[in-house]
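Coordinate analysis (summary)
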Amino acid sequence: MNQFQYIQPAKQKAAIDALTKDAKAMFIAGGTNLLDLMKRGLAAPEKLVDINKLPLKKIEFNNNGLRIGALALNSEVAQDKLVREKQPLLVQALEAGASGQLRNMATMGGNILQRTRCPYFYDIALPCNKREPGSGCGALAGFNRMHAIFGFSDKCIAVHPSDMSVALAALDATVVVAGPQGERQILFTDLHRLPGDQPEKDTILERNELILAIDIPDKPFAQKVHYLKARDRASYAFALVSVAAALATDKNIITAARIAMGGVAHKPWRLFEAEKFLEGKPVSEANFRSAAELAMQGAKAFNHNAYKLKLAPNSIAAALKAAAGIA
Ligand SMILES: Cc1cc2nc3c(=O)[nH]c(=O)nc-3n(C[C@H](O)[C@H](O)[C@H](O)COP(=O)(O)OP(=O)(O)OC[C@H]3O[C@@H](n4cnc5c(N)ncnc54)[C@H](O)[C@@H]3O)c2cc1C
């Protein structure tokens, strides 16, 4: 591991300035992803800007919804009474992620910005355009069991690994960020990028922008929800496919639907067409199946992940049934 400086600023401006002035400085929060990347030679910051002294831990509710500070721990958020009452989908997704020990260290901001688990990204002996632009994508013709079926490019077929982000994409969340020019709000579904020709960029954030908080609006679909995670082990395993489903209904008619998938694309994959299809229709297994088929249009598998073409629609239908209470 390279030598690096370590600072722990107490002011937001000082933290942002540190990254603005130094192109090789990085924020660190819980460190559960960044330290792994440093140990494996995938990140080599010359300065670590520890943001844990910043006052970004609060969880608050107002008329518009829930605001969760970027430094709130995954375990604190999952156990918070207000979050459990207002946003059970987020709680389910958080509890499906990593392990108890990791959730005690992992922060909300760090979870959103964790990097892919593609094995070609993690092995510095293998080609990876995300790690080393221009070196090629080892996964394209390699072992691609965990990889994307939507939105990939010929430069990268990696998937985004965060469970919690799938729920936030479904819940119409926004992210509040601050940079040298001030604050801005980004719709969660716009935050992460598809790989295109620049797979090294995971999000639309500038490198000196700090996530301050996540806003989740209080909407009628927040209560009939289900997070389904298909994985190799019941704990401590990333999603093969996951589905965050949220429904509002009135006399058995779906008045609003929100659905997002994980493990299938370079970003949390929102199923807008399927949502539109469901709105105004009765709650029924047949409608959930049709929505799932619609959501799969345009999916394409590689050598080892064709199973996702079946697992994904089955998971969508199952998550919707569970959210509607007809499972
Ligand atoms: C063995 C293992 C299994 C796991 N399984 C799962 C799983 O099943 N599901 C899942 O979702 N996750 C899983 N994880 C990932 C884990 O959830 C993340 O490592 C964790 O959420 C990252 O949060 P952190 O605070 O430790 O981030 P850090 O490691 O501190 O930071 C991660 C990145 O975010 C940046 N960053 C952090 N905070 C901010 C901020 N406020 N503003 C701007 N940039 C910021 C850092 O610069 C860094 O680039 C697993 C991790 C491990 C090690």
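Rules used in this analysis
- Residues numbered from 1 in each chain as written.
- Predicted model: local features only at pLDDT ≥ 70, side-chain atom pairs only at ≥ 80, totals over all residues.
- Heavy atoms only, no water.
- 1 Å grid on protein atoms, 1.4 Å probe; cavity = no way out; pocket = protein on both sides within 12 Å on 5 of 7 lines; lining within 4 Å.
- Points joined across faces, edges and corners; volume = space filled by probe spheres on them.
- Nonpolar A, V, L, I, M, F, W, Y, C, P; charged D, E, K, R; others polar.
- Helix = DSSP H or I, 4+ residues; strand = E, 2+ residues; numbered from the N terminus.
- Buried < 20%, exposed > 50% of the residue type's maximum accessible area, 1.4 Å probe, protein only.
- Lys, Arg positive; Asp, Glu negative; His and termini not counted.
- Salt bridge = Lys/Arg side-chain N within 4 Å of Asp/Glu carboxyl O.
- Contact = heavy atoms within 4.5 Å.
- Near = heavy atom within 4 Å.
- Polar contact = N/O pair within 3.5 Å; in protein donor to acceptor, adjacent residues only side chain to side chain.
- Areas by Shrake-Rupley, 256 points an atom, 1.4 Å probe, with all protein chains shown as cover.
- Pairing = 2+ DSSP bridges.
- Axes fitted to C-alpha atoms, helices over the stretch in contact; angles between N-to-C directions.
- Parallel < 35°, antiparallel > 145°, perpendicular 65-115°, else oblique.
- Left-handed = near helix turned anticlockwise from the far one by under 90°.

Under an unreviewed UniProt entry, the name given to the protein chain is Oxidoreductase, and the organism recorded is Adhaeribacter aerolatus.

1. Describing the layout of surface pockets
A probe matching the size of a water molecule, rolled over the atoms, marks out where space remains unfilled. Taken as a whole, the second largest pocket holds about 240 Å³ of empty space. Lining the second largest pocket are 21 residues, and of these Arg117, Cys118, Pro119, Met146 and Val159 lie nearest its centre. Partitioning the lining of the second largest pocket into residue classes produces 11 nonpolar, 7 polar and 3 charged.

2. With respect to the side chain of Asp22
Along the chain, Asp22 falls in the loop between α1 (12–21) and β2 (25–28). No salt bridge forms around the buried Asp22; measuring N to O, its nearest opposite-charge neighbour Lys47 is 4.1 Å away. In contact with Asp22, other than residues within four places in its own chain, are Lys47 and Arg207.

3. Side note on the pattern of salt bridges
On inspection of all chains with the given rule, the structure shows 20 salt bridges. With a shortest N-O distance of 3.4 Å, Lys219 and Asp172 are connected by a salt bridge. Taken together, the positions of Lys219 in the loop between β8 (210–217) and β9 (224–230) and Asp172 in the loop between α9 (164–170) and β6 (174–179) put the pair 47 residues apart, joining distant regions of the chain. Residue classification places Lys219 among the partly exposed positions, given a relative accessible area of 32%. Note that Lys276 is salt-bridged to Glu273, the shortest N-O span being 3.6 Å. With Lys276 and Glu273 both in helix α11 (residues 272–278), this residue pair falls 3 residues apart, about one helical turn. The class of Glu273 is partly exposed, set by a relative accessible area of 48%. Three or more residues are tied together by salt bridges with common partners; here these are Asp172, Lys219, Arg258, Arg270, Glu275 and Glu279.

4. Some words on the site of the ligand
Near the ligand lie 34 residues; those nearest to it are Phe27, Gly31, Thr32, Thr107 and Asp163. Between an oxygen atom of the ligand and a main-chain N or O atom of Gly30, the distance comes to 2.9 Å. A distance of 2.7 Å separates an oxygen atom of the ligand from a polar atom in the backbone of Gly31. Protein chains bury 93% of the 980 Å² of accessible surface belonging to the ligand in isolation. For the shell around the ligand, the elements supplying multiple residues, two or more each, are β2, α2 (34–39), α7 (108–112) and β8.

5. Some thoughts on the sheet that holds β9
An order of β9-β10-β11-β12 is seen for the 4 strands of this open sheet, with the pairing classed as antiparallel. Unpaired on one side and paired on the other, β9 and β12 (269–270) mark the two borders of the sheet. Bridge analysis of strand β11 (residues 253–262) against β12 gives 2 bridges, and the strand direction is antiparallel. The residue bridging Ala260 from the neighbouring strand is Arg270, located in β12.

6. Comments concerning the packing of helix α12 (residues 285–295) against helix α13 (residues 308–324)
It is at 8 Å that the axes of α12 and α13 come closest, and there the two elements cross at 140 degrees. Here α12 is positioned oblique relative to α13, judged by the angle of their axes. The way α12 lies across α13 gives a crossing that is right-handed. Facing α12, whose interface residues are Glu285, Phe288, Arg289, Ala292, Glu293 and Ala295, α13 presents Pro313, Asn314, Ile316, Ala317, Leu320, Lys321 and Ala324. Across the contact of α12 with α13, the residue classes break down as 8 nonpolar, 1 polar and 4 charged.

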